[in-house]
Amino acid sequence: MLRTQRLLAFVGRIQNYCLLLLCFFLLAYLACGFFAVPEDLIRLLVICADVVCWTIYFLSVWIFSLSLVVWGTTRVFPTRFFILMLVRTAVAFGLTLLRDLIEHVVQEGILISW
């Protein structure tokens, strides 16, 4: 079972690196608002961020399933890996939501009706 816990830790590190990559894509997307860049670059950044975000979601499913395997075999649930996975997934979802909100405001503006 030590191998499975090491695998959990390794997948958690991969998820951390994907989260850092997602932050980079978000910062690059925000920088595109201040400088004149081609639309193709913005589309490429959005596509890359979406791919990284879906990779984070896939890794979350992988960590959850490995946690269930560890729990089933040792009767000890790896709580730390599970909670960190939930936090990373929530941060990735929040960053993606923030990017989509910024894109919506830039493309369509804000409508306030009384």
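Predicted model only: the values in this text are computed from it and were never measured.

**Student:** Explain the packing of helix H1 (residues 2-31) against helix H2 (residues 39-74) residue by residue, including any values.
**Tutor:** Between H1 and H2, whose axes approach to 9 Å, the crossing angle comes to 160 degrees. Classed by the angle they form, the pair H1 and H2 counts as roughly antiparallel. Of the two possible hands of crossing, H1 and H2 adopt the one that is left-handed. Here the contact of H1 with H2 is composed, by residue class, of 24 nonpolar, seven polar and no charged.

**Student:** Could you give me a rundown of the pattern of salt bridges, with the residues and numbers involved?
**Tutor:** Two side chains of opposite charge can pair, provided their charged atoms sit close to one another. For the structure shown, the criterion picks out three salt bridges. One salt bridge connects Asp 40 with Arg 43, and the closest N-O pair in it is separated by 2.6 Å. Placement of both Asp 40 and Arg 43 in helix H2 is noted, with a separation of three residues, approximately one turn of the helix. Under the relative-accessibility criterion, Asp 40 is labelled exposed at 53%. For Asp 100, the salt bridge goes to Arg 99, with nearest N and O atoms at 2.9 Å. Three or more residues are tied together by salt bridges with common partners; here these are Asp 50, Arg 99 and Asp 100.

**Student:** Lay out the packing of H1 against helix H3 (residues 79-108) with the relevant residues and their values.
**Tutor:** Viewed as axis vectors pointing N to C, H1 and H3 meet at an angle of 15 degrees, and their least axial separation amounts to 10 Å. Taken together, the axes of H1 and H3 are roughly parallel relative to one another. By crossing handedness, the relation of H1 to H3 is classed as left-handed. Together, Gln 5, Leu 8, Ala 9, Gly 12, Gln 15, Asn 16, Leu 19, Leu 22, Cys 23, Leu 26, Tyr 29 and Leu 30 of H1 and Phe 81, Met 85, Arg 88, Thr 89, Val 91, Ala 92, Leu 95, Thr 96, Leu 98, Arg 99, Ile 102 and Glu 103 of H3 make up the contact between the two elements. Taken together, the residues of the contact of H1 with H3 sort by class into 15 nonpolar, six polar and three charged.

**Student:** Got a sec to walk through the nonpolar core? Specific residues and values, please.
**Tutor:** If you look at the biggest cluster of nonpolar residues, it comprises 25 residues, and the most contacted ones within it are Leu 8, Leu 19, Leu 22, Val 52, Ile 56 and Ala 92. Listing elements by their share of this core, those giving two or more residues are H1, H2 and H3. Take this core: its biggest share by element is eleven residues, from H2. Sequence-distant contacts of Leu 22, that is, excluding residues within four places in its chain, are made with Ala 49, Val 52, Cys 53, Ile 56, Ala 92, Leu 95 and Thr 96.

**Student:** Could you give me a rundown of the packing of aromatic side chains, with the residues and numbers involved?
**Tutor:** Across all of its chains, the model carries five aromatic pairs by this definition. Residues Phe 24 and Phe 25 carry aromatic rings whose centres are separated by 5.7 Å and whose planes lie at 55 degrees to one another, so their mutual orientation is tilted. Pairing Phe 77 with Phe 82 gives two aromatic rings, centres 5.4 Å apart and planes at 65 degrees, and the pair type is edge-to-face.

**Student:** Help me get a handle on H2, residues and values and all.
**Tutor:** Owing to its 3.6 residues per turn, the α-helix aligns residues three or four sequence positions apart on the same side. For H2, with 36 residues, the first-to-last C-alpha span of 52 Å sits near the 52 Å given by 1.5 Å per residue. Positioned one or two residues after H2, Arg 75 has a phi angle of 65 degrees, which is positive.

About the criteria used
- Residues numbered from 1 in each chain as written.
- Predicted model: local features only at pLDDT ≥ 70, side-chain atom pairs only at ≥ 80, totals over all residues.
- Heavy atoms only, no water.
- Axes fitted to C-alpha atoms, helices over the stretch in contact; angles between N-to-C directions.
- Helix = DSSP H or I, 4+ residues; strand = E, 2+ residues; numbered from the N terminus.
- Parallel < 35°, antiparallel > 145°, perpendicular 65-115°, else oblique.
- Left-handed = near helix turned anticlockwise from the far one by under 90°.
- Nonpolar A, V, L, I, M, F, W, Y, C, P; charged D, E, K, R; others polar.
- Salt bridge = Lys/Arg side-chain N within 4 Å of Asp/Glu carboxyl O.
- Buried < 20%, exposed > 50% of the residue type's maximum accessible area, 1.4 Å probe, protein only.
- Contact = heavy atoms within 4.5 Å.
- Core = buried A, V, L, I, M, F, W, Y, C linked by side-chain atoms within 4.5 Å.
- Phe/Tyr/Trp six-rings, centres within 6.5 Å; stacked < 30°, edge-to-face > 60°.
- Expected span 1.5 Å × (residues − 1).

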